Amino acid sequence: MAGSTLATGRRTLARLLAPLLCLALAACASTPLRGTGDLGVVIERASGSVQIVDNTHEQSLARVQGLGDLSHASVVFSRDARYAYVFGRDGAISKVDLLTARLVKRVEQASNSIGGAISSDGRVIAAQNYSPGGVKLFDADSLQLLSSISTAAFGGGESKVVGLADMPGNRFAFALYDSGEIWLLDASTPTAPKVQRFEHIGKQPYDGLASSDGRYFIAGLYGEDGLALFDSWHADAGVRRILGGYGRGRQALPVYKMPHLRGWSIAGDYAFLPAIGQHEVLVADNRSWKQAGSVPVLGQPVFVMAEPGGRRVWVNFAFPDNDKLQVIDVPSRQVIKTLQPGRAILHMEFTARGDAVWLSSRDDNKLVVIDTATLTTRSTLPALEPSGIFFTWRASRMGM
Amino acid sequence: MDSGPVRRGICLAALLAASLCQQAAAAAPAEPRASALLQLLHNDCGACHGLSLKGGLGSPLTPQALAGKPADSLVATILNGRPGTPMPPWRPFLSEEEAQWLVQLLQQGGAR
């Protein structure tokens, strides 16, 4: 009796499972294998979601929800470019699988944060925190906490950390907003990291960049005209000021949004950097770091991004000019085009070899893809108040 | 005898009355301006203070963070900025009444 029940049970189970199995196989057969090299992540800031996009076919593949407060978010990628680590304003790190479009892990590691970086060996995630300050290191696979680095040493509470960037040799560089320092963190033993401090680098560093060869770290300063430069090949020489006095006694204009700095500022022989309080882009020789000129633009620059080939530099602007973009020709250092592709253009991202640039238009709820050869719009895609766009080529680039 | 609920009720009524009085102090701008101002608050103020106003490079703007701060000085900070910090003057884009309305919303937690 029991045997026959079991047999019946098995037959029932088989009848139930057979169609499921067919479906599963069919699903496998209809989902071709794909790589991740032309994928990207778009932050949808108000809804706490990200879109996974394909930049070859210019289409959205999926939306992943439940990532918390993404009002300011940044993304780094695992070394194999399969996983995106999203750092949210609420201090959480969310690990998103680009292939299955799933949130695979999420840790709340601080109460207020904006960004992070991944080590040169791809094993360590570093998070930079505003509140309670400091940097935390996590295992990239499991997101287990490895160590915590306090920035309270200056005696005024924990300093906010800005501009965290990866450097060669599993090191990270970052700046301290409140105490005006640059710290170099050696995370080669991530459970016992070592810190080298550089004090008095300038007032109110607001962001930082590592050059794409990983040699230089530059902190932008809000509190004075100039930037702070650290040359990791000559670490003992400390931090020096560059482009000092670029405002040259002119009245500083209001800054309605802090600029962003990353390694994409360096184009050819020059670095193109946003001036604070001036409507211009500063040009520095990228070896001597002496000012080589400036390019007047129509507003306060926010992102100053070189095309991957370095021939042109694209600039977007703070409120109230955030509906415009300008394109600078590098050899002549002239603005060659002003574009107006949508309202509140917050973020730009080039494809790996620069055939197109993707733009977020927050107030028009769309992404705009511009052909860089013709400077015309190639496509638009719907998105919910989009901000940051991050393509997976960043996985293999330093300082991203 | 537990008078908790009654006391809480009275407190709530007093709070409501207080907030009604303050609302009378700064009337909401007519639409679509009110929506535009809220958009500005969350997106442009939010760039530094956070979309949810819990802070960032700029300080938090939650009712708790603003409790006990004089509304006049908050209005002045919005309009004139705060020298020595990244807080810019918003006077070119806002009237005094609009700044008062925003401060009131922020202090009462009604900005969301």
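Our subject is the structure that appears above.
Report follows, based on the coordinates. Here the structure is a predicted model, which is why all the values come from computation and not from measurement.

## Looking at the sheet that holds strand β30 (residues 366–371) of chain A
Whether parallel or antiparallel, the strands of a sheet pair through hydrogen bonds between backbone atoms.
All names here are of chain A.
Right, on to step 1. Pairing in this open sheet of four strands is antiparallel, and the strands run β28-β29-β30-β31 from one edge to the other. Each edge of the open sheet is held by one strand with a lone partner, namely β28 (345–350) and β31 (376–382). When the angles between neighbouring strand axes are averaged without regard to direction, this sheet yields 25°.
Right, on to step 2. Sheet analysis places strand β29 (residues 356–361) next to β30, joined by six bridges and oriented antiparallel. From the neighbouring strand, Leu-359 faces β30, where its bridge partner is Val-368.

## Considerations on the pattern of salt bridges
Right, on to step 1. Per the stated rule, a full pass over the model turns up 25 salt bridges over all chains.
Right, on to step 2. The partner of B:Glu98 in a salt bridge is B:Arg33, and the shortest N-O contact between them spans 2.7 Å. In this pair, B:Glu98 sits in helix α5 (residues 96–108) while B:Arg33 sits in helix α2 (residues 33–49), placing the two residues 65 residues apart along the sequence.
Right, on to step 3. Exposure remark for B:Arg33: the relative accessible area of 32% places this residue in the partly exposed category.
Right, on to step 4. Each of A:Glu58, A:Asp355, A:Asp371 and A:Arg378 takes part in a single network of salt bridges with overlapping partners.

## Considerations on the packing of aromatic side chains
Right, on to step 1. Under the definition given, this model contains 13 aromatic pairs over all chains.
Right, on to step 2. Relative to A:Phe272, the ring of A:Tyr270 has its centre 6.5 Å away and its plane inclined at 75°; by these criteria the two rings are edge-to-face.
Right, on to step 3. Ring pairing ties together the aromatic residues A:Tyr256, A:Phe319, B:Trp90 and B:Phe93, which thus form one cluster.
Right, on to step 4. Sitting above the plane of the A:Tyr83 ring, A:Lys95 keeps its charged end 4.6 Å from the centroid.
Right, on to step 5. A cation over a ring is seen here: A:Arg333 above A:Tyr270, with NZ or CZ 4.7 Å from the ring centre.

## What to know about the interface of chain B and chain A
Right, on to step 1. At the interface, 22 residues of chain B touch 24 residues of chain A.
Right, on to step 2. When the two sides are added together, the surface that chain B and chain A hide from each other amounts to roughly 1800 Å², 55% of it contributed by carbon and sulfur.
Right, on to step 3. When the buried surface of chain B facing chain A is broken down by residue, B:Leu51, B:Leu57 and B:Pro86 rank first, second and third, together holding 32% of it.
Right, on to step 4. Here chain B is connected to chain A by zero salt bridges.
Right, on to step 5. Linking chain B to chain A there are 11 residue pairs in polar contact (both at pLDDT 80 or more).
Right, on to step 6. In the side of chain B that touches chain A, the residues fall into 11 nonpolar, nine polar and two charged.

Parameters and conventions
- Residues numbered from 1 in each chain as written.
- Chains lettered and ligands numbered in written order.
- Predicted model: local features only at pLDDT ≥ 70, side-chain atom pairs only at ≥ 80, totals over all residues.
- Heavy atoms only, no water.
- Pairing = 2+ DSSP bridges.
- Helix = DSSP H or I, 4+ residues; strand = E, 2+ residues; numbered from the N terminus.
- Axes fitted to C-alpha atoms, helices over the stretch in contact; angles between N-to-C directions.
- Salt bridge = Lys/Arg side-chain N within 4 Å of Asp/Glu carboxyl O.
- Buried < 20%, exposed > 50% of the residue type's maximum accessible area, 1.4 Å probe, protein only.
- Phe/Tyr/Trp six-rings, centres within 6.5 Å; stacked < 30°, edge-to-face > 60°.
- Lys NZ or Arg CZ within 6 Å of the ring centre and 35° of its normal.
- Contact = heavy atoms within 4.5 Å.
- Buried area = accessible area lost by both parts, 1.4 Å probe.
- Polar contact = N/O pair within 3.5 Å; in protein donor to acceptor, adjacent residues only side chain to side chain.
- Nonpolar A, V, L, I, M, F, W, Y, C, P; charged D, E, K, R; others polar.

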